[in-house]
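Observations on the three-dimensional arrangement
Each chain is listed here by its residues.
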Amino acid sequence: MTRRFVFEGLKVADFSWVGVGPITTRYLADHGATVLRIESTGRPETLRRASPFKDNVEGVNRSGYFNNFNASKYSITLNMAHPRAREVALRICRWADVLAESFRPGVMAKWRLDYESVREVKPDIIYFSTSMQGQTGPRAHVTGFGVQAASMAGITYVTGWPDRLPAGPYGAYTDTINPRLAAAAIAAALDYRRRTGQGQHLDLSQYEGALLFLAPLLMQYVVNGTEAKRAGSRSPCAAPHGAYPCAGDDRWCAIAVRTDDEWAAFRRVLGDPPWTREERFATLEGRLQHTDELDALVAAWTSQHPAQEVMRRMQEAGVPAGAALDGRDLLDDPQLAHRRHFPRLDHPEVGLHSIDALAHRLSKSPPQVRMPAPCLGEHNSTVYTSVLGFSDKEFVELVADGVID
């Protein structure tokens, strides 16, 4: 049978919350997997209560973050505080190929839904756990979010200017970089199960995953004992290097000139003014020694031109450059429009809105956003009876008893 999507037929029980887990399972959902988000009405997942909200009106179905990370999925509710919740959860586990959870280590064990317990009813389960610092170690039970993990990983320390306090990256940075690692690990585990019939437990520490993105700086310390410091927009291997002001209000373009060939191309774009021929700027070493003067001269030129024009002229000449785009620019960007990066979805409560598409395309089975993010418990009846096999009588009793809340 020809499959439209690479993960078509894959069944995922998604107990995860906030960023890394839901972003990871959306990779699977957009590639065709049936992903069930298991939530609770009594204690909605944190991201459902995170702004921005549609029209600035709060509501568990109106969060832009939640709706972006959870498209193409189904939502069912289960009151994990109820004594019968475990028996329902285990039936979900028997149905699933993959279980995803991102609670503090020990929470799933408290519910007797840890890997060893689930494996008793589903021996070949791919059980994916992600937490801030992994399932083991002296700080495994410390809770936190991506802002704290980015700081612990050293990213905050090296972000900013040398004469100022650390600035840190925007938002919960490690939440945005770890799902790539997680999705690849799950795909590898599925391939291993296909070949051997064996399931496994995947334990992703978001703290350790973040270290990969500072690998060159860590290697510098290991090999040479050189400790990385905050350097603003400066680079030890490029000059000019930074975001330069352009014509208009708060418009900027980032430029990086690394080689003599790029310097020659940069000069041609500027019309080869006399200052670019000065001896002090002839080599990269000289340009790095006179960065302050160089930046001022570059800014004097860029400030006379629109950012998009600076980017276009630099790129056409072979000089790395990128305009600093804002939200409106991104939604109007012809390159992103060509790749349909912002699909429009019609959500039952939010209405028409745009979300991010996955950034990659598989040539034979491209991903697709198949439906908007679910409202809380939107698919209870359909999923419990038609997907999980509960009888109508069982479903009604579970609702009446408050197990399905």
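The paragraphs below set out a description of the structure included in this document.

Cut-offs used in this document
- Residues numbered from 1 in each chain as written.
- Predicted model: local features only at pLDDT ≥ 70, side-chain atom pairs only at ≥ 80, totals over all residues.
- Heavy atoms only, no water.
- Helix = DSSP H or I, 4+ residues; strand = E, 2+ residues; numbered from the N terminus.
- Polar contact = N/O pair within 3.5 Å; in protein donor to acceptor, adjacent residues only side chain to side chain.
- Contact = heavy atoms within 4.5 Å.
- Buried < 20%, exposed > 50% of the residue type's maximum accessible area, 1.4 Å probe, protein only.
- Arc of directions from axis to C-beta.
- Pairing = 2+ DSSP bridges.
- Axes fitted to C-alpha atoms, helices over the stretch in contact; angles between N-to-C directions.
- Patch = residues over 30% accessible without salt bridge, like charges linked within 9 Å, V, L, I, M, F, W, Y side chains within 5 Å.
- Areas by Shrake-Rupley, 256 points an atom, 1.4 Å probe, with all protein chains shown as cover.
- Salt bridge = Lys/Arg side-chain N within 4 Å of Asp/Glu carboxyl O.
- 1 Å grid on protein atoms, 1.4 Å probe; cavity = no way out; pocket = protein on both sides within 12 Å on 5 of 7 lines; lining within 4 Å.
- Points joined across faces, edges and corners; volume = space filled by probe spheres on them.
- Nonpolar A, V, L, I, M, F, W, Y, C, P; charged D, E, K, R; others polar.
- Right-handed = clockwise from strand over helix to strand, strands pointing away.
- Core = buried A, V, L, I, M, F, W, Y, C linked by side-chain atoms within 4.5 Å.

Time to look at the side chain of R48. Its place among the elements puts R48 in the loop between β2 (34-39) and α2 (64-69). A distance of 2.8 Å separates a polar side-chain atom of R48 from the backbone oxygen of V60. Excluding anything up to four places from it in sequence, R48 contacts E39, F53, G59, V60, N61, S63, F66, S75, P374, C375 and L376.

Right, let's talk about unusual backbone geometry for a bit. Note that the residue after S51, namely P52, is joined by a cis bond; omega there is 10 degrees. Topologically, P52 is positioned in the loop between β2 and α2. With omega at 5 degrees, the peptide bond leading from A239 into P240 counts as cis. Residue position: P240 is located in the loop between α9 (215-224) and β7 (241-245).

A few words now on helix α10 (residues 260-270). Within the span of α10, buried status applies to E262, W263, A265, F266, V269 and L270. Buried residues along α10 cover an arc of 165 degrees about the axis, so they all sit on one side. Within α10, the exposed residues directed more than 90 degrees away from the buried face are D261 and R268. Those residues of α10 hidden inside the fold are in contact with β8 (252-256), α11 (284-289), α12 (291-302) and α13 (307-317). Following α10 by one or two positions, G271 has its phi on the positive side, about 85 degrees.

Quick look at the sheet that holds β8 now. Pairing between the strands of a sheet comes from backbone hydrogen bonds, and it takes one of two forms, parallel or antiparallel. The strand order across the open sheet formed by 3 strands is β7-β8-β9, and the pairing between neighbours is antiparallel. At either margin of the open sheet sits one strand with a lone partner, and together these are β7 and β9 (321-323). If you compare each strand with its neighbour and ignore which way they point, the axes differ by 20 degrees on average. Where β7 and β8 come together, 5 bridges link them in antiparallel fashion. Bridge assignment links G242 to a residue of β8, and that residue is I255. Strands β8 and β9 of the sheet are contacted by α13, whose axis makes an angle of about 160 degrees with β9.

A few words on a nonpolar patch on the surface. Together, M219, Y221, V222 and V223 make up an exposed nonpolar region whose accessible area comes to about 480 Å². Judged by relative accessible area, which is 61%, V223 ranks as exposed.

On to the pairing of strand β4 (residues 98-101), then. Covered by surrounding structure in β4 are V98 and A100 together with L99 and E101, the residues of both alternating faces. Pairing between strand β1 (residues 11-14) and β4: 3 bridges, direction parallel. Across the sheet, D14 pairs through a bridge with A100, a residue of β4. As paired elements, β4 and strand β5 (residues 126-131) share 4 bridges and run parallel to each other. Each bridged residue has a counterpart across the sheet, and for L99 the counterpart in β5 is Y127.

The next point concerns the layout of surface pockets. Over the atoms rolls a probe the size of a water molecule, and its path tells where empty space is left. What the largest pocket holds in volume is close to 1200 Å³. Lining the largest pocket are 37 residues, and of these G64, Y65, N68, F69 and D356 lie nearest its centre. Among the elements of the structure, α1 (20-30), α2, α7 (173-196), α14 (327-332) and β11 (351-354) are those that each provide at least two residues to the lining of the largest pocket. Here the lining of the largest pocket is built from residues that sort into 19 nonpolar, 11 polar and 7 charged.

Relative to strand β3 (residues 74-77), β2 is paired through 4 bridges, and the arrangement is parallel. Looking at the pairing, E39 lines up with T77 of β3. Running through α2, the crossover from β2 to the neighbouring parallel element β3 is right-handed.

Okay, the pattern of salt bridges next. With the rule as written, the count across this model stands at 31 salt bridges. Across the pair D30 and R26 runs a salt bridge whose closest N-O atoms are separated by 2.8 Å. Taken together, the positions of D30 and R26, both in helix α1 and 4 residues apart, correspond to about one turn of that helix. The buried category is assigned to R26, whose relative accessible area is 5%.

As a further point, take the sheet that holds β4. Strand order in this open sheet of 6 strands is β3-β2-β1-β4-β5-β6, and the pairing throughout is parallel. With partners counted over all chains shown, the strands left at the sheet margins are β3 and β6 (200-205), one partner each. Averaged over all neighbouring strand pairs, the angle between strand axes comes to 20 degrees, with direction disregarded. Packed onto the sheet, helix α3 (residues 85-95) meets β1, β2, β3 and β4 and runs at close to 150 degrees relative to β1. Here helix α16 (residues 380-387) sits on the sheet and contacts β2 and β3; the angle it forms with β3, its principal contact strand, is near 90 degrees.

Turning next to the environment of S51. Inspection of the secondary structure puts S51 in the loop between β2 and α2. In this structure S51 comes out as partly exposed when scored by relative accessible area, which is 47%.

Quick look at the nonpolar core now. If you look at the biggest cluster of nonpolar residues, it comprises 33 residues, and the most contacted ones within it are L78, Y384 and L388. Among the secondary structure elements, those contributing two or more residues to this core are β2, α3, α4 (107-110), α5 (115-121), α16 and α17 (392-400). Of the residues forming this core, the biggest block, 7 residues, is contributed by α3. If we ignore the near neighbours within four places in the chain, the residues touching Y384 are I76, T77, L78, V88, H379, G389, F390, F395 and I404.

Keep in mind that these numbers describe shape and distance, not what the molecule does.
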